[in-house]
Structures are given as C-alpha cells and as structure tokens.
Amino acid sequence: MPIASLLNLSLAPDTMFYQVALYMRGYWRADISDAQFRDLGDAIHNLPAALIEYGHDFDEAAMREIYFKSYDEKWATTENSFSLVRTLDAGIKLKLKSMPKQ
C-alpha cells in the first residue's frame with residue numbers, strides 16, 4: 001500500500017512532476033544529452049495519470065522500481081546528478097515533515 005494511502009495524502013506525483021519540470025526547463029540542451037532527455041521522459045510519462053489515480057490504483061513503490069530506479073541507474077551516477085529516486089524521497093520527507101503532529 002502506498003504511503004500516501006496510509007496517510008491520506010497526495011505526496012509523490014505532484015512533487016515529482018514539479019521537480020522534473022524544473023530540471024528539464026533549466027538544463028535542456030545545456031547539460032543533458034538527447035538520450036538522457038528521452039530517458040527522463042520515459043521515466044515520468046505516467047506522472048500525469050498518477051495525479052488522478054494516486055492513492056487508488058497507483059503506488060509510488062512501483063513507480064520507483066519500474067521507472068525511476070532504471071533512470072537513476074543509467075543517469076544519476078554521482079551525488080550531484082539529478083536523481084528521480086532522491087527527488088521522490090525528498091518530496092515525501094518534506095511532506096511528512098510539514099504534517100501536523102498527532
């Protein structure tokens with residue numbers, strides 16, 4: 001079960017979509033190759049559907065394993081490389097930190 005379902009939150013898709021869009025806007029044609037740009041598109045192509053389905057038929061663990069991890073294994077080879085998995089984890093951590101204590 002996705003963490004967002006347990007917490008009744010929408011954590012991952014909105015955070016990921018925003019961060020990837022910023023990365024693509026800031027570095028397209030400057031620091032990343034066409035191949036990396038295509039692989040990034042392949043890795044995030046399900047995010048728009050995830051915005052609708054999150055918490056029902058979408059699981060961030062599956063997205064992480066199927067799409068984000070394969071992108072990272074190929075392109076996030078250094079600590080300073082853009083990483084989909086680290087971006088997802090940071091978004092979840094930030095959202096959890098901002099939640100009211102119960």
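Residues numbered from 1 in each chain as written. Predicted model: local features only at pLDDT ≥ 70, side-chain atom pairs only at ≥ 80, totals over all residues. Heavy atoms only, no water.

Counted according to the given criterion, the structure contains 3 salt bridges. In this structure, the salt-bridge partner of R64 is D89, at a minimum N-O distance of 2.7 Å. With R64 in helix α5 (residues 60-75) and D89 in helix α6 (residues 84-98), this pair connects stretches of sequence that are 25 residues apart. As a salt-bridge pair, E65 and K69 come within 3.4 Å of each other at their nearest N and O atoms. Of this pair, E65 and K69 both sit in helix α5, 4 residues apart, which is roughly one turn of the helix. (Salt bridge = Lys/Arg side-chain N within 4 Å of Asp/Glu carboxyl O. Helix = DSSP H or I, 4+ residues; strand = E, 2+ residues; numbered from the N terminus.)

What follows deals with helix α3 (residues 34-44). Within the sequence span of α3, burial applies to Q36, D39, L40, A43 and I44. What you see down the axis of α3 is that its buried residues fit within an arc of 125°, all on one side. (Buried < 20%, exposed > 50% of the residue type's maximum accessible area, 1.4 Å probe, protein only. Arc of directions from axis to C-beta.)

Our next topic: the layout of surface pockets. Of the volumes computed, that of the largest pocket is approximately 190 Å³. Elements with a contribution of two residues or more to the lining of the largest pocket: α2 (12-27) and α6. Looking at the lining of the largest pocket, the element that brings in the most residues is α6, giving 7 residues. Taken together, the residues of the lining of the largest pocket break down into 3 nonpolar, 5 polar and 3 charged. (1 Å grid on protein atoms, 1.4 Å probe; cavity = no way out; pocket = protein on both sides within 12 Å on 5 of 7 lines; lining within 4 Å. Points joined across faces, edges and corners; volume = space filled by probe spheres on them. Nonpolar A, V, L, I, M, F, W, Y, C, P; charged D, E, K, R; others polar.)

Once that is clear, we can look at the confidence of the model for the protein chain. Predicted confidence across the protein chain gives a mean pLDDT of 75, with 74% of residues reaching 70 or more. The secondary structure element of the protein chain with the lowest average pLDDT is helix α1 (residues 3-7), at 40, and the one with the highest is α5, at 88. Within the model, the stretch residues 1-11 combines pLDDT values under 50 with 24 contacts to residues more than four positions away or in other chains. (pLDDT = per-residue confidence, 0-100. Contact = heavy atoms within 4.5 Å.)

Mapping Q36 onto the fold places it in helix α3. Look at Q36 and you get buried, because its relative accessible area is 9%. Along the primary structure Q36 and K74 are separated by 38 residues, whereas in three dimensions their C-alpha atoms are 8.7 Å apart. Setting aside anything within four residues of it in sequence, one finds Q36 in contact with Y23, Y71 and W75. A polar side-chain atom of Q36 sits 2.8 Å from a polar atom in the side chain of Y71. (Polar contact = N/O pair within 3.5 Å; in protein donor to acceptor, adjacent residues only side chain to side chain.)

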